[in-house]
Amino acid sequence: MNDTIDITVNGQRRAVSRGVTLLELLASLELDPRAVVVEHNRTIVRRPALGDVRMAPGDAIELVHFVGGG
Amino acid sequence: MATAVDTLRDTAFTIGGRTFHSRLMVGTGKYRDNDTMVHAIEASGAEIVTVAVRRVDLDRTRETGVLYHLDPKRYFLLANTAGCATAEDAVRYARLAREAGFNEFVKLEVIGDQETLLPDVQGLLLAAQILVKDGFRVLAYSNEDLVTALRLEDAGCAAVMPLASPIGSGLGLLNPYSVRTIKRRLHVPVVVDAGVGTASDACLTMEQGVDGILMNTALAAAHDPVAMAHAMRLAVEAGRTAYLAGRMPRREVAVPSSPLEGMLD
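This structure is a prediction, so every number in the text was calculated from the model and none was measured. Throughout this document, residue positions are counted from 1 along each chain, in the order its sequence is written. Each chain gets a letter, beginning with A, and each ligand a number, beginning with 1, in the order they are written. For this predicted model, a pLDDT threshold of at least 70 governs which residues receive local features, and a threshold of 80 or more governs which side-chain atom pairs are given and counted, while totals over whole chains, interfaces and linings are taken from all residues.

**Structural notes on the overall build of chain A**
Step number 1: Per the secondary structure count, chain A includes one helix and five strands.
Step number 2: Helices (α) and strands (β) of chain A occur, in sequence order from the N terminus, as β-β-α-β-β-β.
Step number 3: Its C-alpha atoms give chain A principal-axis dimensions of about 50 × 25 × 20 Å.
Step number 4: Any residue whose C-beta has 12 or fewer other C-beta atoms within 10 Å is treated as exposed, any with 20 or more as buried, and any in between as partly exposed, C-beta atoms being built from the backbone. In chain A, which comprises 70 residues, the proportion classed as buried is 24%.
Step number 5: Any two residues are considered in contact once their C-beta atoms, placed from the backbone, lie within 7 Å. Contacts spanning at least 24 positions in sequence make up 51% of the contacts within chain A whose residues lie at least 6 apart. Segments assigned H or I by DSSP are reported as helices when at least four residues long, segments assigned E as strands when at least two residues long, and all are numbered from the N terminus.

Okay, structure coming up:
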């Protein structure tokens, strides 16, 4: 059994461990969960639930924050 | 509320139930560096500061997060849906912005044309209706069309934001008549957004009686953004005060200011 799966994070394909949670994904990317908003397959995942959502093959994750704009 | 002039009182500047002192709102885009941005925003006296929602740069080639530089306790962050071309996208961006946890306000943009960045009126109205129903306080970036502004108000928008001229153009207030008409007919605040290029544009815009102005490029692209921010602060105050003071009527003929009596033979 293959222990990594492919997901898409901000449009880039990434291999992650099977069953990894969003919280663990953020940690591996060195991102503070308080500083980003997470969308999982087009659904917003609130901060308290980040540890509950596990990655499945083909999942699409968007990690966004505020940048300069008018 | 009190003004700098003892005899003059102004109404409070309230949007979506929140009252602000400064009628000038500023953006955070396109500054050459963050230090200049921070100092320009300080010099502008603005309390409402707009930000955009974008992907985190996973490669960390640059630290793009604006909150590293702006204290969200000091400024009221107004997220925009800039770059969105459909109602669906704009709603998605607005919900992501709200999730960041600062407030339920959104500056709604639905762009219909990439050259002029003019709004897609149909998409704008649809997104406004969805977001209002979802509990957002919507500030809708609009063209300077009265009927669109009325429909946005009917949809429950907290403010309507007609443009002075296209985003980033710096062409100034192209249609004072339309903006004045919108202000006269709407009950919600009217904040002119986009197109102001320099202080006289801001002053002229405020003289139309609108409630406020939002600008970004006029500051960010000035040779000295901090000095321009100061000038804009004065111009917005000057224009507002002149509006409240009530200008003299225009005349097509000269009327002497000095007495005609007492002239020498």
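Anyway, onward from the coordinates.
**With respect to the overall build of chain B**
Step number 1: Assigned secondary structure in chain B consists of eight helices and ten strands.
Step number 2: Compactness check: chain B gives a C-alpha radius of gyration of 20 Å against a globular reference of 18 Å for 265 residues, within 12% of the reference.
Step number 3: In terms of principal-axis extent, the alpha carbons of chain B reach across some 85 × 40 × 35 Å.
Step number 4: When the 265 residues of chain B are sorted by exposure, 43% land in the buried category.
Step number 5: When contacts within chain B are restricted to residue pairs at least 6 apart in sequence, those whose partners lie at least 24 apart make up 62%. Atoms considered for the radius of gyration are the C-alpha atoms alone. The globule rule reads 2.2 Å times the number of residues to the power 0.38.

**Digging into the interface of chain B and chain A**
Step number 1: The interface is formed by 27 residues belonging to chain B together with 19 residues belonging to chain A.
Step number 2: No other element matches strand E4 (residues 48–55) of chain B, which puts six residues into the side of chain B that touches chain A.
Step number 3: Ten residue types, Ala, Val, Leu, Ile, Met, Phe, Trp, Tyr, Cys and Pro, are classed as nonpolar, four, Asp, Glu, Lys and Arg, as charged, and the remainder, Gly among them, as polar. Residue composition of the side of chain B that touches chain A, grouped by class: 13 nonpolar, nine polar and five charged.
Step number 4: Should DSSP find at least two bridges between two strands, the strands are taken to pair. Note that strand E5 (residues 60–68) of chain A and E4 of chain B share five bridges and pair antiparallel. Residue pairing in the sheet places Phe66 of chain A in a bridge with Val53 of chain B of E4 of chain B.

**So, the packing of helix H2 (residues 87–99) of chain B against helix H3 (residues 121–133) of chain B**
All names here are of chain B.
Step number 1: Lines fitted to the C-alpha atoms define the axes, with helices restricted to the stretch that makes contact. Angles between their N-to-C directions range from 0 to 180 degrees. Relative to each other, H2 and H3 sit at 40°, their axes nearing to 8 Å. In terms of crossing hand, the pair formed by H2 and H3 is right-handed. Contacts between H2 and H3 involve Ala87, Ala90, Val91 and Ala94 from the first element and Gly123, Leu126, Ala127, Ile130 and Leu131 from the second.
Step number 2: Here the residues of the contact of H2 with H3 sort into eight nonpolar, one polar and no charged. Helix crossings fall into two classes, left-handed where the near helix is turned counterclockwise from the far one by less than a right angle and right-handed where it is turned clockwise.

**Some thoughts on the environment of Leu26 of chain A**
Residues and elements named next belong to chain A.
Step number 1: Tracing the backbone shows Leu26 in helix H1 (residues 22–28).
Step number 2: You can call Leu26 buried: it has 20 C-beta atoms within 10 Å.
Step number 3: Dropping the residues within four chain positions of it, Leu26 is found in contact with Leu31, Pro33, Val36 and Leu50.

**A closer look at H3 of chain B**
All names here are of chain B.
Step number 1: In this analysis, the expected span of each helix is defined as 1.5 Å times one less than the number of residues it contains. The end-to-end C-alpha separation of H3 is 18 Å, in line with the 18 Å expected for 13 residues at 1.5 Å each.
Step number 2: Residues Gly123, Leu124, Leu125, Ala127, Ala128 and Leu131 constitute the buried set of H3.
Step number 3: Downstream of H3 by one or two residues, Gly135 has phi in the positive range, about 95°.

**So, the nonpolar core**
Residues and elements named next belong to chain B.
Step number 1: Here a nonpolar core is just a set of buried residues of the types Ala, Val, Leu, Ile, Met, Phe, Trp, Tyr and Cys, joined wherever their C-beta atoms sit within 7 Å. Membership of the largest hydrophobic core comes to 92 residues, with the highest contact counts inside it found for Leu108, Ala128, Leu139, Ala140 and Met232.
Step number 2: Element by element, the count of residues in this core is highest for H2, at seven residues.
Step number 3: Not counting the four nearest positions on each side in its chain, Met232 is found in contact with Leu24, Ser44, Ala199, Ala202, Met215, Ala218 and Leu219.

**Observations concerning the pairing of strand E10 (residues 212–215) of chain B**
Residues and elements named next belong to chain B.
Step number 1: Residues of E10 alternate between two faces, with Gly212 and Leu214 on one and Ile213 and Met215 on the opposite face, all of them buried.
Step number 2: Pairing of strand E3 (residues 24–26) with E10, which is carried by three bridges, proceeds in the parallel orientation. Across the sheet, the residue bridging to Leu24 is Ile213, located in E10.
Step number 3: In the sheet, strand E9 (residues 191–193) pairs with E10 via three bridges, with the strands oriented parallel. If you follow Val191 over to E10, its bridge partner there is Gly212.
Step number 4: Here a crossover is taken to be right-handed if, once the strands point away from the viewer, the path from the first strand over the helix to the second is traced clockwise. Handedness of the crossover joining E9 and E10 through helix H6 (residues 199–207): right-handed.

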